[in-house]
Every structure is written in structure tokens, then in C-alpha cells.
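# Report on the structure
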2 protein chains.
Amino acid sequence: MRRLKAVISYDGTQFSGFQVQPGERTIQAELERVLAVMHKGENIKVTASGRTDAKVHATGQTVHFDTPLTIPPEKYMKAFNVQLPKDIRVLTVEEVSTDFHARYSVSGKRYRYIWCCEPVQSPFRRYYTVETNGIVPNVNAMQEAAQAIIGTHDFSCFCAANTSVKDKVRTVASLKFEWHGQELHMIIEGNGFLYNMVRIIAGTLWEVGIGRRDITNVAHVIATMDRGQAGKTAPPQGLYLEKVFYPEVADV
Amino acid sequence: MRRLKAVISYDGTQFSGFQVQPGERTIQAELERVLAVMHKGENIKVTASGRTDAKVHATGQTVHFDTPLTIPPEKYMKAFNVQLPKDIRVLTVEEVSTDFHARYSVSGKRYRYIWCCEPVQSPFRRYYTVETNGIVPNVNAMQEAAQAIIGTHDFSCFCAANTSVKDKVRTVASLKFEWHGQELHMIIEGNGFLYNMVRIIAGTLWEVGIGRRDITNVAHVIATMDRGQAGKTAPPQGLYLEKVFYPEVADV
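Each value, and the rule that gives it
- Residues numbered from 1 in each chain as written.
- Chains lettered and ligands numbered in written order.
- Predicted model: local features only at pLDDT ≥ 70, side-chain atom pairs only at ≥ 80, totals over all residues.
- Heavy atoms only, no water.
- Least-squares fit on C-alpha atoms with pLDDT ≥ 70 in both.
- Contact = heavy atoms within 4.5 Å.
- UniProt positions renumbered as here; feature names shortened; annotations may be inferred.
- Helix = DSSP H or I, 4+ residues; strand = E, 2+ residues; numbered from the N terminus.
- Buried < 20%, exposed > 50% of the residue type's maximum accessible area, 1.4 Å probe, protein only.
- Domains from an automatic or database assignment.
- Buried area = accessible area lost by both parts, 1.4 Å probe.
- Polar contact = N/O pair within 3.5 Å; in protein donor to acceptor, adjacent residues only side chain to side chain.
- Nonpolar A, V, L, I, M, F, W, Y, C, P; charged D, E, K, R; others polar.
- Axes fitted to C-alpha atoms, helices over the stretch in contact; angles between N-to-C directions.
- Parallel < 35°, antiparallel > 145°, perpendicular 65-115°, else oblique.
- Left-handed = near helix turned anticlockwise from the far one by under 90°.
- Salt bridge = Lys/Arg side-chain N within 4 Å of Asp/Glu carboxyl O.

Take the relation of the copies chain B and chain A next. Put simply, the two copies of the chain differ by a rotation about an axis and a shift along that axis. In screw terms, the move from chain B to chain A is a rotation of 180° and a rise of 0.0 Å along the axis, fitting with an RMSD of 0.0 Å. Expressed as a symmetry operation, the mapping of one chain copy onto the other fits a two-fold axis. The position closest to the rotation axis in chain B is occupied by the C-alpha of Phe124(B), lying 5.0 Å away. Looking at chain B, 100% of its interface residues are interface residues in chain A too, so the copies touch through the same face.

Time to look at the UniProt feature "active site" (unreviewed entry) in chain A. Residue and element names in this part refer to chain A. Annotation from UniProt places "active site" (unreviewed entry) at Asp 53. Take Asp 53: it is sitting in the loop between strand S2 (47-48) and strand S3 (57-67). A residue is classified by how much of its surface remains accessible, and Asp 53, at 23% relative accessible area, is partly exposed. When neighbours within four sequence positions are excluded, Asp 53 is seen to be in contact with Gly 17, Tyr 195, Asn 196 and Arg 199.

Attention now goes to unusual backbone geometry. A positive phi is found at Lys55(A), a non-glycine position, where the angle reads about 75°. As for its placement among the helices and strands, Lys55(A) is situated in the loop between S2 and S3. With a phi angle near 55°, Asn133(B) is a residue other than glycine that sits in the positive phi range. Tracing the backbone shows Asn133(B) in the loop between strand S6 (130-131) and helix H3 (139-146). According to the relative accessible area criterion, Asn133(B) is exposed, its value standing at 62%.

Here the focus is the domain arrangement of chain A. All names here are of chain A. As assigned here, chain A comprises domain 1 (2-105) and domain 2 (108-243). Spacing between the C-alpha centres of domain 1 and domain 2 amounts to 27 Å. Every contact between the two is made by 14 residues of domain 1 and, on the other side, 13 residues of domain 2. Contact between domain 1 and domain 2 buries roughly 1100 Å² in total, counting both sides, with carbon and sulfur atoms accounting for 54%. At the surface where domain 1 touches domain 2, the tally comes to 11 residue pairs in polar contact (both at pLDDT 80 or more). Along the lines of polarity and charge, the residues of the side of domain 1 that touches domain 2 split into three nonpolar, eight polar and three charged.

Take the UniProt feature "binding site: substrate" (unreviewed entry) in chain A next. Residue and element names in this part refer to chain A. Sites flagged by UniProt as "binding site: substrate" (unreviewed entry) map to Tyr 111. Looking at where Tyr 111 falls in the secondary structure, it is placed in strand S5 (residues 108-116). In contact with Tyr 111, not counting residues within four places along its chain, are Met 186, Ile 187, Ile 188, Phe 193, Val 198, Leu 239, Tyr 240, Leu 241 and Glu 242.

Helix packing for two helices is described by the angle between their axes and how far apart those axes are. Residue and element names in this part refer to chain A. Interaxial distance between helix H3 (residues 139-146) and helix H4 (residues 197-209) falls to 8 Å at its minimum, and their mutual angle equals 130°. Judged by the angle between their axes, H3 and H4 are oblique. Between H3 and H4 lies a crossing whose hand is right-handed. Contacts from Ala 141, Met 142, Ala 145 and Ala 146 of H3 reach H4 at Leu 205, Trp 206, Val 208 and Gly 209. Looking at the contact of H3 with H4 residue by residue, the classes come out as seven nonpolar, one polar and no charged.

To continue, consider the interface of chain B and chain A. At the junction of the two partners, chain B supplies 24 residues and chain A supplies 24 residues. Both faces considered, chain B and chain A share a buried interface measuring about 1800 Å² in area, 62% of it formed by carbon and sulfur atoms. By the criterion of area lost to chain A, the three top residues of chain B are Val120(B), Phe124(B) and Arg126(B), representing 36% of everything that side buries. Across the chain B-chain A interface, the total number found is six salt bridges. In this structure, Asp11(A) and Arg126(B) form a salt bridge, with 2.7 Å as the shortest nitrogen-oxygen distance. Going through the elements one at a time, strand S1 (2-10), strand S3 (57-67), helix H2 (73-83) and strand S4 (88-96) of chain B are the ones with two or more residues in the side of chain B that touches chain A. When residues of the side of chain B that touches chain A are assigned to their parent elements, the largest contribution, four residues, is made by S4(B).

Following this line, the structure appears as C-alpha cells:
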């Protein structure tokens, strides 16, 4: 068996998230459907770096799967892109050591969150940004509040309540804001993220940006380890899984 | 009665074009549905600068309508944007003289046509660009061929066969190409455009760009006045109506 690693991009708008769910359109189900065709009906399981929720996008999600076939990785890529729906694209496929695991080998991830602060949101951006109804936040305040998040903390306060993960200590390596025209991007990188963590951070910092929460409150929220103290979970369509980092893997 | 002029933007993906058609989702029908609500059921007709086809986009379509109501234009704009679906947005509303006519007063239009030349088309661009499967055309050749189009000509060769318009003389004021990353934009401005004219020009110049048609052939095609001599009609999702020009209109 060979192990192949693929980097994929998807428009999450019309998906019920990454993971297979009976009766739902999911990214994993589409990938496995195509693999089953390539493998004459055999089930080939796809493992991702982690799940993404309904409507959440990815420009650099990473998956692996094992195959008995010997066709070259670039032919796999072409076959995927011919047979997949156009809202999922496979950007690269490469053979990796069987020690590589799309989820367990992750050393870090980068996410992006986008708000559209135009007075009237472009119709072309309705599924790809969160509309602020023309509100322009104080980004300096958001950036200052973000300093409390950077570093290693127990992030229970930024984790959706319905999670089974026990250890909620994670390291946020960087968290910065950028304007792209009238769209505000939050770019966050870390060694791992809890369920809904990026969206809850976005929702909390947004409240700082519009003056509904003090800059100094964010350190306090982290210290309480209480989800109830943080802000709302920001909507899914603003979120992009941009890159998954792995330690250097020797090619096979 | 007051006359109001509105500039609107729409994502054409989920519309059967601008004009009302029974049983179809159209931009005109959505605008008139909202106006009927505002006018307690009265039918208010919306007139556009011209139609756009199914899947064709607009970032600056212009319309007018007459109303007996005296509510201020900016309140109209808000009411539209609250009640319209998010794939149509009203960017401006202003009161104009009743001499103004969204179609008959047009002095010019600007369209944009976008090809995505990335090796793998981004899933986020599938409804908004035309995929070239990684083919990168010779833009210098396209620009050189375009010189034959600029100016005043009988453009019968670039007009869909099923049209009732008799006078096919139009003036193309400018036609230029620009790279935006790996996306190629064709921007064309003129005093008026025949049915499918921009898409047939795009399809013809594309053939020049990939070496399937000589640069010098384009002047010949125009001279024949024969639609059969020109290239294919390029797909609708690459096309944007970007701006409609009017002679300076005195505000009321």
C-alpha cells in the first residue's frame, strides 16, 4: 500500500462540512466517491487534518489516503479534478511515507477570517465574507486585545461547549489583522485549534472592535476558562482553513 | 410622478437573466416584486440600460422607475437592500429628470470579461470566471488583433443571429487586456453593444490568443459582416456589465 497526501481547496457554501454524514453533501463523501470509482468500487477512506463545519471554506486543507494502485500522483490529481464537483479542487497530490498522518502529524495550522465592511456588501462576496452592515471596527483595539491570545494558554473559553477534547492547552503563534480594500482579514496561526476556536476568537475580538468589550477584558476571559465569558461564535462563511503545516516529511 | 435612477450590482449565477420571464427567477422580477411591496401592490415597471443573459453579472447595471411616493432616494436604497435577495444589491438611488431614460439616454457602456488561467481553477471562481484549463494565451496577439475592432464598424459579424436590430454600426472606444494575478481581464468600452457582441468578441480574440486564428483575420471577419466567420460565443459567467454612461443629467 502507498500513502498519498493531497492538498485541497473547497468552497464550503454548498457542503454540510467535511465529514461524512448520512444523507448530507460533504467533502469527504465526494472525495471517497471518486476514489471508489478509481478503485473499482473499493472503499478508500480519506483522513483530513481536521473537520471543517458547514459553509466553512478551505484553500489548503490536507488529507491522506492509502491505495494499492501504482498510478503516479499527478494522474491522481487529474482524475480527481475531472470527477469531483467544481466546488472541490485538488491542488497537489504526492506520495508520502506511511508514517505521515494528515491529522496526527500536524504541527500547525493557519486560518483566515474575513469581514466585509463595505456600506453595501458586494453580491459576489455574500458566501465568502461576513457582512458588517457598513460598520468599520477599531482594528488597533482588536490587534491590541489579540496580544492576550497569542502564546500558550488553556483556551477552554474559546471552545464550543459540546466537545470531548480534554486537554485545551494550545499555542497561538501569531494573530494579526490586515485590510484588503474594505475587507478586514484576521490571520491566525497556531499548533492546533479547538472546536470553533477561531470563530469564537473572531466573535470576541469583533466585540472589542465595535467597543462592546474592553481590550483588557480578553485576558480575563481566558483566565476564567469559561465559554460563557467569550463572545459569540462568528458566522461560518467568513472562515478559511488556509494552510496545514507538517514537519518536513521525506519523500518516498 | 418622480423618476428614480438606481445603480445595481448582481451575481447572475442564479438568475435566468435580467428580463422578466414567466416562471423564471430574474433580476427585473425581483426588483419589481420589492417595488410592489413598497407601493401596496401597485405594479411599478423597472427599465434597465439593457438586458443581461442568464449567468451574466453586473457591477454597475443602471435602471429607472417612476413612483408617486415621496420617500427620499436613500430610504429607497435601504428598503431595496433589506427586501432584495443578497445576490442583487442596490448601490445608489437618485432622483432624476423625467427626461432621463435608463435605456434611451445611454451614451456608453463598459464590460469586463474574465478568464481564469490558473492550472487548477479556484473553486471560489467557478461562477465568476471562465476556466481555460491552465492554457495561458498570447495576450500581445489578442491586443494586436483588437486594434481592428476599435473604432466605428458594422459589427454584424459579432452579433447573435437571432436579433431584430437593423442598424449594426457601433463604436468601440477602447478594448484592452489586463492581468490580475493569473486571471486575464478584457475591458471593452463603446457607445453600444449588439446582442452577445462582447461574448463573441471575447471568443474570437481568445482564438487569436491560442493561435487558432491569425491576428490579421479579425479585420477580414468584420468586413464580411458574417456571424459565421467570427469565433464562438464565450461562456456567460465570465461577463460583467461594469458601468453605464449617460450624458451629465441635471439633478431634480
